[in-house]
Amino acid sequence: MLHQNIPQTLSPLSPEQSAQMQALMTSLNPVQQAWISGYLAATASVAAGAMPALPAAPVAAAAGKLTVLYGSQTGNAKHVAQDLVDKGKARGLEASLINMADYKPSKLKDEKHLAIVVSTYGEGEPPEPAQKLYDFIGSKKAPRLDGAQIAVLGLGDTSYEFFCQTAIDFEERLVALGATVAVERALLDVDFDDHAPGWIDGAIDVLEPALKADGPPANSNVVPMMPGLVADAPALTAYTKKSPFTAEVSAVQKITGRDSTKDVRHLEISLEGSGLHYQAGDALGVYFENDPAEVDALIEALSLDGDVLVRLGEAEKPLRAALIEDLELTQSYPGFVTAYAAAAEIPALQAFAEDKAALRDYLAERQIYDILREHPKPIAAQALVDALRKQQPRLYSIASSQKEMEDEVHLTLGVVAYDAFDRAHMGGCSGFLGHRVEEGGALRVFVEHNDLFRLPEAADTPIIMIGPGTGIAPFRAFLQDRDADGADGKAWLFFGNPHFTQDFLYQVELQSYLKSGTLSRLDVAFSRDQAEKIYVQDRLREHGAELYAWLEQGAHVYVCGDATRMAKDVHQALLDVIAEHGGHSAEEAEAYLSALRDTRRYQRDVY
Ligand code: NAP
């Protein structure tokens, strides 16, 4: 221990150095001693090539280190977790960033300082990459975590009933295992960008003393920062969500037939000059503009002046421009109703405060435009702006491979369009991309990487792709990629849509991939071409024996498309196929599919 006398017989120090060190040590408090100890140990291990190794100090395995685990589907939780790590490092802390999908649950018992940043999907479910850890901490295998300090940040969307449920579950389960909440959890809505930095700063303020008191972890090869030094800035990507690239739309083409019930568009966007790179499996983030005609109607209905200046954070701009460019007017959510009801004093809307279920039903059918048109009370322009939330870019699975398309990126876009309340409704971004942006028009975009939806490394590994509707998008990218590589692995695609004649997306291309051998098998389920509905999962069951044989040959399975119904039904069909054709019990089939997921052989991009 540092505060004991330094034994002269073991010390390589001269008597004079020994005395100086003794004097210094007695003047330090325990936190300072721990810091110096870590600093010297780490400096020595960095210089280990030139110096004989010192015996390692008996420090607890993960003491002094902040482990930041993130569970992210669309990248938001990952970016927030990255900010936490970067800011921690800038303050001289050792912090590591780990995707929950890559984290060995058995390591949990060694964590002393743990931050969790996790989003929530659907009906309170964890994102795909968080599932394994989530299941583990709720299982009997979970270890005691007494002495561990935790900080939890949840991301979610208040339009959903089970807002941030996964983050709540994580915290509750970790606490049940003995962990202590060190930082009050934050549950953030889609405008998390405005609130996460404050929580991160506060969390670091709380965690810093305990982390520093614990000293650096054993085997650390990171030299703690000397006070006053500034950490390396995180690597900068040129174009990101916060500073998107202004791209040019080169083509927009409807790819469903004239009589289709669906309006699906193929988009080609030029990334020329951006230096942006994407891989098959990544998504493109897109900012959009609200419909100027809708905005004008709204301004008139509310008797507002479109030219009046309003504040948006630090900036000021005319109300009309803010409504078109910056604010969310399509996706409704409870916070808007509450804020607007209060600002405009509308009893009918204020009453929803007492009945959350009724509010959700009300919101499910209405865009923000509908709510404002139903209750057009004149309020101050600034009060309206303050009630609205900032537009969030939409993410679309990329439908092309850069190996083939170079500076272009392609999307497969389902345009949301329906009539309700005597008004034609259109999706905010899909309406803009499908109907308002013109060829040659500008679009602000960024690439959102998704390492959890990737082709197998080996070009000869078989792949099974299940992508009904616009879920076909990433598989077009996969096929282009494999074609460009001349990959010889088998590839099997399951595609479904209502009608063969109207909705067979990319039919010609797929048939040419079948011809060339890039695609080995194509099974289609046109749901409404016969009296009984037929879905992709029916095709999976029909070809169960062969499907199971592919799995046994090491095939990777991918699912893309609707999360609420399709992905669940396909999951069940896979379980049934594994049980029936592998001769497994239901539990064994579950274990088989979980093992595929854990080894990245079962990947989903569902939304
Ligand atoms: P889609 O709505 O997923 O439809 C594609 C095909 O899947 C259709 O033939 C459809 O049949 C069929 N289908 C319907 N229910 C299914 C199920 N439980 N299992 C398997 N197949 C099923 O395709 P899309 O219009 O291209 O939409 C793609 C995306 O839009 C979805 O991933 C989702 O994000 C969004 N979307 C969501 C919902 C929703 O309520 N959650 C609805 C529409 C679109 P039928 O239509 O003939 O039944």
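Please read these numbers as outputs of a predicted model, since none were measured by experiment.

A. Region of interest: the site of the ligand. Around the ligand, a shell composed of 19 residues is seen, among which Lys 262, Arg 528, Tyr 535, Asp 562 and Thr 564 lie nearest. One of the side-chain nitrogen or oxygen atoms of Lys 262 is found 2.5 Å away from an oxygen atom of the ligand. When the ligand sits alone it has 870 Å² of accessible area, and the protein chains cover 75% of it. Among the residues making up the shell around the ligand, the classes are represented as five nonpolar, eight polar and six charged.

B. Layout of the sheet that holds strand E1 (residues 65–71). With parallel pairing, the five strands of this open sheet are ordered in space as E2-E1-E3-E4-E5. With one partner strand each, in any of the chains shown, strand E2 (94–99) and strand E5 (180–188) form the two edges of the open sheet. The mean inter-strand angle of the sheet, taken between neighbouring strand axes irrespective of direction, is 15°. Relative to strand E3 (residues 113–119), E1 runs parallel, the two sharing six bridges. Note that in E3 the partner of Leu 69 across the bridge is Ile 116.

C. Structural view of the nonpolar core. Among the nonpolar cores identified, the biggest contains 35 residues, and Leu 323, Phe 336, Tyr 340 and Leu 349 are the most heavily contacted of them. Contributing elements (two or more residues each) for this core: helix H7 (292–301), strand E9 (309–312), helix H8 (319–325), helix H9 (334–344), helix H11 (356–365), helix H12 (368–374) and helix H13 (381–387). If you tally residues by element for this core, the top one is H9, at five residues. Residues within four places of Phe 336 in sequence aside, it is in contact with Ala 341, Ile 368, Ile 371, Leu 372, Ala 387 and Leu 388. Among the nonpolar cores identified, the runner-up in size contains 29 residues, and Leu 551, Val 559, Ala 589 and Val 606 belong to it.

D. Main features of the sheet that holds strand E17 (residues 491–497). Strand order across the open sheet formed by five strands is E18-E17-E16-E19-E20, with parallel pairing between neighbours. The open sheet is flanked by strand E18 (521–526) and strand E20 (602–606), the only strands paired with a single partner. Each adjacent strand pair in this sheet contributes to an overall mean axis angle of 10°, direction not counted. Two strands pair when backbone bridges link them, and E17 and E18 are joined in this way by six bridges, in the parallel orientation. Bridging across to E18, Gly 496 finds its partner in Ala 525. Sheet strands in contact with helix H20 (residues 544–552) are strand E16 (463–466), E17, E18 and strand E19 (556–561), and its direction is about 135° off that of E17.

E. Representation of a negative patch on the surface in the model. Taken together, the side chains of Glu 248, Glu 272, Glu 406 and Asp 407 make up a negatively charged region of the molecular surface. Counting through the fold element by element, Glu 272 comes out in the loop between strand E7 (264–270) and strand E8 (283–286).

F. Main features of the pairing of E19. Summarising burial for E19: six of the six residues are buried, a large majority. Going residue by residue along E19, you find His 556, Tyr 558 and Cys 560 tucked away on one face and Val 557, Val 559 and Gly 561 tucked away on the opposite face as well. Relative to E19, E16 is paired through four bridges, and the arrangement is parallel. If you follow Met 465 over to E19, its bridge partner there is Tyr 558. Relative to E20, E19 runs parallel, the two being bridged by five bridges. In the sheet register, Gly 561 faces E20, and the bridge partner there is Val 606.

G. Highlighting the packing of H20 against helix H21 (residues 566–582). Their axes nearest at 9 Å, the elements H20 and H21 cross at an angle of 90°. For the element pair H20 / H21, the angle class is roughly perpendicular. The segment H20 lies against H21, with Gly 544, Ala 545, Leu 547, Tyr 548 and Leu 551 engaging Leu 574, Val 577, Ile 578, His 581 and Gly 582. Class assignment of the residues belonging to the contact of H20 with H21 gives a composition of seven nonpolar, three polar and no charged.

H. Representation of the side chain of Arg 423 in the model. On the secondary structure map, Arg 423 appears in strand E14 (residues 423–426). A residue is classified by how much of its surface remains accessible, and Arg 423, at 8% relative accessible area, is buried.

I. Fine view of the packing of aromatic side chains. One pass over the full model with this rule turns up 19 aromatic pairs. Ring geometry for Phe 453 against Tyr 558: centres 5.4 Å apart, planes inclined by 75°, an arrangement best described as edge-to-face. A residue pair is termed long-range when its members are at least 10 positions apart, and Phe 453 in the loop between strand E15 (442–448) and E16 and Tyr 558 in strand E19 qualify at 105 residues. In this structure, Phe 453 and Tyr 558 share a single accessibility class: buried. By the ring-pair criterion, three or more aromatic residues cluster together here, those being Phe 453, Phe 475, Phe 478 and Tyr 558. The ring of Tyr 333 carries Arg 389 above its face, with NZ or CZ at 3.7 Å from the centroid. Its guanidinium or amino end placed over the ring of Tyr 287, Arg 444 lies 4.7 Å from that ring's centre, counting from NZ or CZ.

Reading guide: rules and limits
- Sequence order as written defines residue numbering, which begins from 1 separately in each chain.
- Thresholds applied to this predicted model are a pLDDT of at least 70 for local features of residues and 80 or more for the giving and counting of side-chain atom pairs; totals over whole chains, interfaces and linings are not thresholded and use all residues.
- As a rule here, side-chain values come from all non-hydrogen atoms in the structure, and water together with hydrogens is ignored.
- Being near a molecule or strand, for a residue, means having at least one of its heavy atoms within 4 Å of it.
- Polar contacts, as used here, are pairs of N or O atoms within 3.5 Å; protein pairs need one atom able to donate a hydrogen and one able to accept it. Residues neighboring in sequence count only if both atoms are side-chain atoms.
- Shrake-Rupley sampling with a 1.4 Å probe provides the accessible areas, and residues are treated as covered by the protein chains on show and by no other component.
- Each residue receives one of three labels: charged for Asp, Glu, Lys and Arg, nonpolar for Ala, Val, Leu, Ile, Met, Phe, Trp, Tyr, Cys and Pro, and polar for the others, Gly being one of them.
- Paired strands, in this sense, are two strands between which DSSP finds at least two bridges.
- Going along the chain from the N terminus, every DSSP run of H or I of four or more residues is numbered as a helix, and every run of E of two or more is numbered as a strand.
- The convention used is that axes are lines fitted to C-alpha atoms, helices contributing only their stretch in contact, and that angles between N-to-C directions extend from 0 to 180 degrees.
- Think of a nonpolar core as a cluster: buried Ala, Val, Leu, Ile, Met, Phe, Trp, Tyr and Cys residues, connected wherever their side-chain atoms sit within 4.5 Å.
- Each residue's exposure class comes from its accessible area (1.4 Å probe, protein chains only) as a fraction of the maximum for that residue type: buried when under 20%, exposed when over 50%, partly exposed otherwise.
- Here, two residues are considered to be in contact whenever any of their heavy atoms come within 4.5 Å of each other.
- Here, patches come from residues exposed beyond 30% relative accessible area and free of salt bridges, joined within 9 Å for like charges and within 5 Å for nonpolar side chains (Val, Leu, Ile, Met, Phe, Trp, Tyr).
- Salt bridges are counted wherever a side-chain nitrogen of Lys or Arg sits within 4 Å of a carboxyl oxygen of Asp or Glu.
- In this tally Asp and Glu are treated as negative and Lys and Arg as positive; neither His nor the chain ends contributes.
- Charge positions are represented by NZ for Lys, CZ for Arg, CG for Asp and CD for Glu.
- Angles are sorted into four bins: roughly parallel if under 35 degrees, roughly antiparallel if over 145, roughly perpendicular if 65 to 115, and oblique for all others.
- Aromatic rings from Phe, Tyr and Trp, taking only the six-membered ring of Trp, are treated as a pair when their centres fall within 6.5 Å; an angle between ring planes under 30 degrees marks them as stacked, one over 60 as edge-to-face, and anything in between as tilted.
- Counted as over-ring charges are cases with an Arg CZ or a Lys NZ within 6 Å of the ring centre that also lie within 35 degrees of the ring normal.

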